[in-house]
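Summary of structural features
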Amino acid sequence: MPSLTLPSAVDLARAQFALTVVWHFLFPAFTIGLASFLAVLEGRWLATGKAVYLDIYRYWLKVFAVAFAMGVVSGLVMSYQFGTNWSVFADRTAPILGPLLGYEVLTAFFLEAGFLGVMLFGLERVGPRLHFLATCLVAFGTLTSAFWILSANSWMQTPAGHVLGPDGRFAPADWWAIIFNPSFPYRFAHTVTGAYLTTAMIVGAVGAWHLLRDGVNPRARVMFSMAMWMAAIVAPAQLVFGDLHGANTYAHQPAKVAAMEGHFETQSRAPALVAGWPDAEAGETRNAIGIPGLASLYLTHDLNGTVRGLKDMPRATWPTNLPLVFWSFRIMVGLGLLMIALGLAALWLRWQGRLYETVWFHRFAVAMGPSGLIAVTAGWTVTETGRQPFTVYGLLRTADSVSPVAAPAVAASLAAFAVVYLAVFGAGIWYLLHLFNQTPHVHESGPPTGVPVRTAGITPAPALDAPHDGASRPALQPAE
């Protein structure tokens, strides 16, 4: 019998990091937007005194608590992989990436951790306005975290502001150039906007789901309306940010763009391929279906512009999985266009006065619920697989970044991660769906408060005599 041949240690290490980062990215992509949504809800409650905003806030606060916790746990694992599977990469880039990730912890993570407890459990303890400040600081912390993480990742895509030492290590020469490297502004705007759209799609789907059950539920109406405003405004803006980001990528990573477009030949009036199958060995995209001139228009802003193909670049710089880059890009763009359609349809129905009564549109919104998560995952796949075969684009190859670990050891840890992640985060996602299915109602409870909490070595005996129904403290009333 032929012996079983494992993939190389490099491929297994890449697969393991891909598994963990995809699971992790689902949660920050949701919580970045959800934290800002919660801040808007609480601000509206304080400004208007309408209890419906507080009810919706408490409804989504429970969801935020679960999603945030899963994001933190899944993110911790990734940092260990730099040492176990990518020690050469970690050693050579540490002078650059170490401080950037350290700044993320010092500014964003500490800010989130410091005020998260107040946000989750402090509304009846610190007062509405101070609690609103805590919510805003947590929302700001999520954006600050995205700032530093995307700066670090963007430096790997478009490295700048560094010098390369004789030992092969990258050393900082200009921190301003490192942080605000050429692709960072576009990547930050595109990713954060994608996070807001992800939240809008989920909130809109939940609101639509409950409108299908009870079309007059005021909390479902408000959350659905706010989500559709976000889709109508942000989805077209994302198209603009995506165009700017694409032009920047074409300038700095032309091989990635050629793979995204499926172009092997350099040509003017280049078509935008709707479908096809890039074949690296044959040097062509098989069964291609395209729109003439469109790729030249959005890449060069000239219908007759010349677009470089892969054959005009060294073969060693081609992305290693052309079909994955090609189709991930189309999934992202296709879902983005559907989000724009959803937002425009919402505007039309709102103008017609039928936003809350149109059943087919509510079903469309429910179906679009996971679209944001799928789109950001596809976009991240384009970004990372399109950067291959480099970890630091053009300077450090992936094959030279891996730890000296045997393939069976990496395969064993990959299998363990797959099982644990599927069990733990599968259960977490199931619980989130359970929360989504709960009907938002008057006086939404939010995370539990008022129950004695036991810490190590402390018995909350004085609290045992207090009633657990909240009668021992005044009930929080909506603002007048």
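Quick caveat: nothing in here was measured; it's all calculated off a predicted structure. (Residues numbered from 1 in each chain as written. Predicted model: local features only at pLDDT ≥ 70, side-chain atom pairs only at ≥ 80, totals over all residues. Heavy atoms only, no water.)

Let's shift gears to the overall build of the protein chain. Broken down by element type, the protein chain carries 15 helices and eight strands. Taken over C-alpha atoms, the radius of gyration comes to 25 Å for the protein chain, in line with the 23 Å a tight globule of 480 residues would show. When burial is assessed residue by residue, the protein chain has 48% of its 480 residues classed as buried. Pairs at least 24 residues apart make up 78% of the contacts formed inside the protein chain by residues separated by at least 6 positions. Summing over all exposed atoms, the protein chain offers an accessible surface of approximately 22,000 Å²; the carbon and sulfur share of this is 69%. Positive and negative side-chain charges in the protein chain, numbering 27 and 25 respectively, have mean positions lying 5 Å apart. (Helix = DSSP H or I, 4+ residues; strand = E, 2+ residues; numbered from the N terminus. Rg over C-alpha atoms; globule rule 2.2 N^0.38 Å. Buried < 20%, exposed > 50% of the residue type's maximum accessible area, 1.4 Å probe, protein only. Contact = heavy atoms within 4.5 Å. Areas by Shrake-Rupley, 256 points an atom, 1.4 Å probe, with all protein chains shown as cover. Lys, Arg positive; Asp, Glu negative; His and termini not counted. Charge placed at Lys NZ, Arg CZ, Asp CG, Glu CD.)

This part is about helix 11 (residues 322-352). In this model helix 11 runs 45 Å from its N-terminal to its C-terminal C-alpha over 31 residues, within 8% of the 45 Å that 1.5 Å per residue would give. Among the residues trailing helix 11, Gly 353 stands out with phi positive, at a value near 75°. (Expected span 1.5 Å × (residues − 1).)

The omega torsion across Gln 388 and Pro 389 is 15°, close enough to zero to call that bond cis. Here Pro 389 lies in the loop between helix 13 (371-387) and strand 7 (390-392). Of note in this structure, Arg 269 is not a glycine but carries a positive phi near 50°. With respect to the helices and strands, the residue Arg 269 is situated in the loop between strand 3 (267-268) and strand 4 (272-279).

This brings us to the side chain of Ser 328. One can find Ser 328 in helix 11. For Ser 328, a relative accessible area of 7% gives the class buried. Ignoring sequence-local partners within four residues, the contact set of Ser 328 consists of Ala 378, Thr 381 and Val 382.

Moving on: the nonpolar core. By size, the foremost hydrophobic cluster in this structure holds 65 residues, and its most contacted members are Leu 38, Trp 60, Phe 64 and Phe 361. In terms of residue count, the dominant contributor to this core is helix 2 (residues 51-84) (14 residues). Residues in contact with Phe 64, not counting those within four places in the same chain, are Thr 31, Leu 34, Ala 35, Leu 38, Leu 116, Met 119 and Val 138. If you look at the next biggest cluster of nonpolar residues, it comprises 35 residues, including Phe 25, Ala 195, Val 410 and Leu 414. (Core = buried A, V, L, I, M, F, W, Y, C linked by side-chain atoms within 4.5 Å.)

Here strand 4 lies mainly inside the structure; six of its eight residues are buried. When strand 4 meets strand 5 (residues 284-291), the two strands line up antiparallel, connected through six bridges. Note on strand 5: the bridge partner recorded for Asp 279 is Glu 284. Hairpin connection from strand 4 to strand 5: four residues lie between these consecutive antiparallel strands, with Gly 283 at a positive phi of about 70°. (Pairing = 2+ DSSP bridges.)

Our next topic: the packing of aromatic side chains. The relation between two aromatic rings is expressed through the spacing of the ring centres and the mutual angle of the planes. Counting across every chain of the model gives 27 aromatic pairs. Both rings, one in Tyr 103 and one in Trp 175, keep their centres 6.4 Å apart while their planes meet at 65°; by these two values the pair is edge-to-face. Taken as a pair, Tyr 103 in helix 3 (residues 87-121) and Trp 175 in helix 6 (residues 175-179) lie far apart in primary sequence, 72 residues in all. Three or more aromatic residues joined by ring pairs make a cluster, and in this case those are Tyr 103, Phe 147, Trp 148, Trp 175, Trp 176, Phe 180, Phe 184 and Phe 188. The ring of Phe 326 is capped by Arg 330, whose NZ or CZ atom sits 3.5 Å from the centre of that ring. Between Arg 397 and the ring centre of Phe 390, over which it is positioned, the NZ or CZ distance is 5.0 Å. (Phe/Tyr/Trp six-rings, centres within 6.5 Å; stacked < 30°, edge-to-face > 60°. Lys NZ or Arg CZ within 6 Å of the ring centre and 35° of its normal.)

This part is about the side chain of Asn 85. Checked against the element boundaries, Asn 85 lands in the loop between helix 2 and helix 3. Aside from chain neighbours lying at most four places away, what touches Asn 85 is Ala 13, Gln 16, Ser 401, Val 402, Ser 403 and Val 410.

Before going further, it helps to spend a moment on the packing of helix 1 (residues 9-48) against helix 2. Where helix 1 contacts helix 2, the two axes come as close as 7 Å, and the packing angle between them is 155°. Taken together, helix 1 and helix 2 sit at an angle that is classed as roughly antiparallel. Crossing angle aside, the handedness with which helix 1 passes helix 2 is left-handed. Within the contact of helix 1 with helix 2, the residues separate by chemical class into 25 nonpolar, nine polar and two charged. (Axes fitted to C-alpha atoms, helices over the stretch in contact; angles between N-to-C directions. Parallel < 35°, antiparallel > 145°, perpendicular 65-115°, else oblique. Left-handed = near helix turned anticlockwise from the far one by under 90°. Nonpolar A, V, L, I, M, F, W, Y, C, P; charged D, E, K, R; others polar.)

As a further point, take the packing of helix 8 (residues 218-252) against helix 9 (residues 254-261). Contact geometry for helix 8 and helix 9: axes closest at 5 Å, N-to-C directions at 120°. Looking at the two axes, helix 8 sits oblique to helix 9. On helix 9, the residues that touch Gly 246, Thr 249, Tyr 250 and His 252 of helix 8 are Pro 254, Lys 256 and Val 257. Counted by class, the contact of helix 8 with helix 9 contains three nonpolar, three polar and one charged residues.

Once that is clear, we can look at the pattern of salt bridges. If you walk through the whole model with that rule in mind, you get 10 salt bridges. For Glu 357, the salt bridge is made with Arg 221, and the minimal N-O distance between the two is 3.4 Å. Within this pair, whereas Glu 357 is found in the loop between helix 11 and helix 12 (359-367), its partner Arg 221 is found in helix 8, the two being separated by 136 residues in sequence. (Salt bridge = Lys/Arg side-chain N within 4 Å of Asp/Glu carboxyl O.)

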